[in-house]
Amino acid sequence: MYFDSEGNRVDELDIQQEEACLFTIDYCTTAVVPDGFTFSFTSFDNFTACTDLSEVVCMLEEEEVEGTAEDPCGGTISCPVVLDAVRLVGTARFHINVGDLTPIEGGLQLGDRPCTLSSDTAVSVNQIIRTICPTESCQEKCFETIGAFAFAPQVTTDACGRQIVTVRGGLFIGFNGC
């Protein structure tokens, strides 16, 4: 399932990937269904995900690569070239609510919304999102969230008979510039 930058469901997102850069921040979280309840998932109607990227910042990292130029005398010449790699570092936090929790034996449910299973996870971020010409500095928030994705939860049962729910998903991020 894909979501745009406003959180609306969309059929797909046109995201360009580059070989050496990573434009996603992925999460994988698990939750144990509380005793006395069962979990079911039929659609993304009862799915919400909240993210906190306040501790993710941009840093510059000097990188030396081999550059090739035309030699005025004919042929080509290779020289070392210094570039800046823009690296995202920090911690991304995700709070996920998914599916329906139903009491095994009737009970009181307050409110109009069904109860959902909740899970929290923190993901370490350390990835290059762009290579640029050398610059003095890069703003801390040189990126933006351009969309998100989520997979249907997987449910397993542990040796004690409890349901374990695993949810995978993440964010698509874009480079704003330094």
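Residues numbered from 1 in each chain as written. Predicted model: local features only at pLDDT ≥ 70, side-chain atom pairs only at ≥ 80, totals over all residues. Heavy atoms only, no water.

Caption draft 1: Structural view of the pattern of salt bridges. All chains considered together, the criterion is met by four salt bridges. Asp35 is paired through a salt bridge with Arg162; the nearest N and O atoms lie 3.3 Å apart. With Asp35 in the loop between strand 3 (24–32) and strand 4 (37–40) and Arg162 in the loop between strand 10 (154–157) and strand 11 (163–175), this pair connects stretches of sequence that are 127 residues apart. Owing to a relative accessible area of 59%, Asp35 belongs among the exposed residues under this scheme. Among the residues examined, Arg162 registers a relative accessible area of 31% and is labelled partly exposed. Two residues, Arg87 and Glu61, come together in a salt bridge whose shortest N-O distance is 2.8 Å. (Salt bridge = Lys/Arg side-chain N within 4 Å of Asp/Glu carboxyl O. Helix = DSSP H or I, 4+ residues; strand = E, 2+ residues; numbered from the N terminus. Buried < 20%, exposed > 50% of the residue type's maximum accessible area, 1.4 Å probe, protein only.)

Caption draft 2: Representation of the packing of aromatic side chains in the model. Summed over the entire model, instances satisfying the criterion amount to seven aromatic pairs. Arranged with centres 5.1 Å apart and planes meeting at 45°, the rings of Phe149 and Phe172 form a pair that is tilted. With a gap of 23 residues between them, Phe149 in strand 9 (residues 143–150) and Phe172 in strand 11 connect regions that are remote in the sequence. A relative accessible area of 14% means that Phe149 is categorised as buried. Looking at Phe172, the relative accessible area reads 9%, which means it is buried. Above the plane of the ring of Phe151 lies Arg168, whose end atom (NZ or CZ) is 4.4 Å from the centre. (Phe/Tyr/Trp six-rings, centres within 6.5 Å; stacked < 30°, edge-to-face > 60°. Lys NZ or Arg CZ within 6 Å of the ring centre and 35° of its normal.)

Caption draft 3: Seen up close, empty space enclosed by the protein. The full count for this structure, using the stated rule, is one cavity of 30 Å³ or more. Size it by volume and the largest cavity reaches roughly 50 Å³. Counting only elements with at least two residues in the lining of the largest cavity, the list comes to strand 3, strand 6 (76–98), strand 8 (117–132) and strand 11. Broken down by class, the residue content of the lining of the largest cavity amounts to six nonpolar, four polar and no charged. (1 Å grid on protein atoms, 1.4 Å probe; cavity = no way out; pocket = protein on both sides within 12 Å on 5 of 7 lines; lining within 4 Å. Points joined across faces, edges and corners; volume = space filled by probe spheres on them. Nonpolar A, V, L, I, M, F, W, Y, C, P; charged D, E, K, R; others polar.)

Caption draft 4: Looking closely at the nonpolar core. By size, the foremost hydrophobic cluster in this structure holds 36 residues, and its most contacted members are Ile25, Tyr27, Phe47, Leu88, Phe94, Ile129 and Phe143. Sorting the residues of this core by element identifies strand 3, strand 5 (48–70), strand 6, strand 8, strand 9 and strand 11 as the ones contributing at least two each. Filtering out sequence-adjacent residues up to four positions away, Ile129 remains in contact with Cys21, Leu22, Phe23, Val86, Leu88, Cys142, Phe143, Ile173 and Phe175. (Core = buried A, V, L, I, M, F, W, Y, C linked by side-chain atoms within 4.5 Å. Contact = heavy atoms within 4.5 Å.)

Caption draft 5: Looking closely at the pairing of strand 10. Summarising the sheet, strand 10 and strand 11 pair through four bridges and their orientation is antiparallel. Across the sheet, Thr157 pairs through a bridge with Gln163, a residue of strand 11. Here strand 10 folds back onto strand 11, and the loop between the two strands holds five residues, one of which, Gly161, carries a positive phi near 90°. (Pairing = 2+ DSSP bridges.)

Caption draft 6: Structural context of the sheet that holds strand 8. Spatially, the three strands line up as an open sheet ordered 5-6-8, and their pairing is antiparallel. Looking at which strands have only one partner, the edges of the open sheet turn out to be strand 5 and strand 8. Shown here is a sheet whose adjacent strand axes are inclined to one another by a mean of 10°, direction ignored. Taken together, the 21 bridges between strand 5 and strand 6 define a ladder with antiparallel strand orientation. Paired with Glu62 across the strands is Asp84, a residue of strand 6. (Axes fitted to C-alpha atoms, helices over the stretch in contact; angles between N-to-C directions.)

Caption draft 7: Local environment of the state of the cysteines. Tallying each qualifying case throughout the model produces two disulfides. The disulfide partner of Cys58 is Cys142, and the gap between their sulfur atoms is 2.0 Å. In this structure the cystine formed by Cys58 and Cys142 twists about its S-S bond by roughly -95°; its chirality is therefore left-handed. Here the residue Cys58 occupies a position in strand 5, and Cys142 occupies one in the loop between strand 8 and strand 9, the gap between them amounting to 84 residues. For the pair formed by Cys58 and Cys142, the shared burial category is buried. Between the sulfur atoms of Cys138 and its disulfide mate Cys178 the distance is 2.0 Å. Between Cys138 and Cys178, the S-S dihedral sits near -70°, and the bridge is therefore left-handed. Of this pair, Cys138 sits in the loop between strand 8 and strand 9 while Cys178 sits in the segment after strand 11, and the two are 40 residues apart along the sequence. By relative accessible area, Cys138 is classed as buried at 13%. (Disulfide = S-S within 2.5 Å.)

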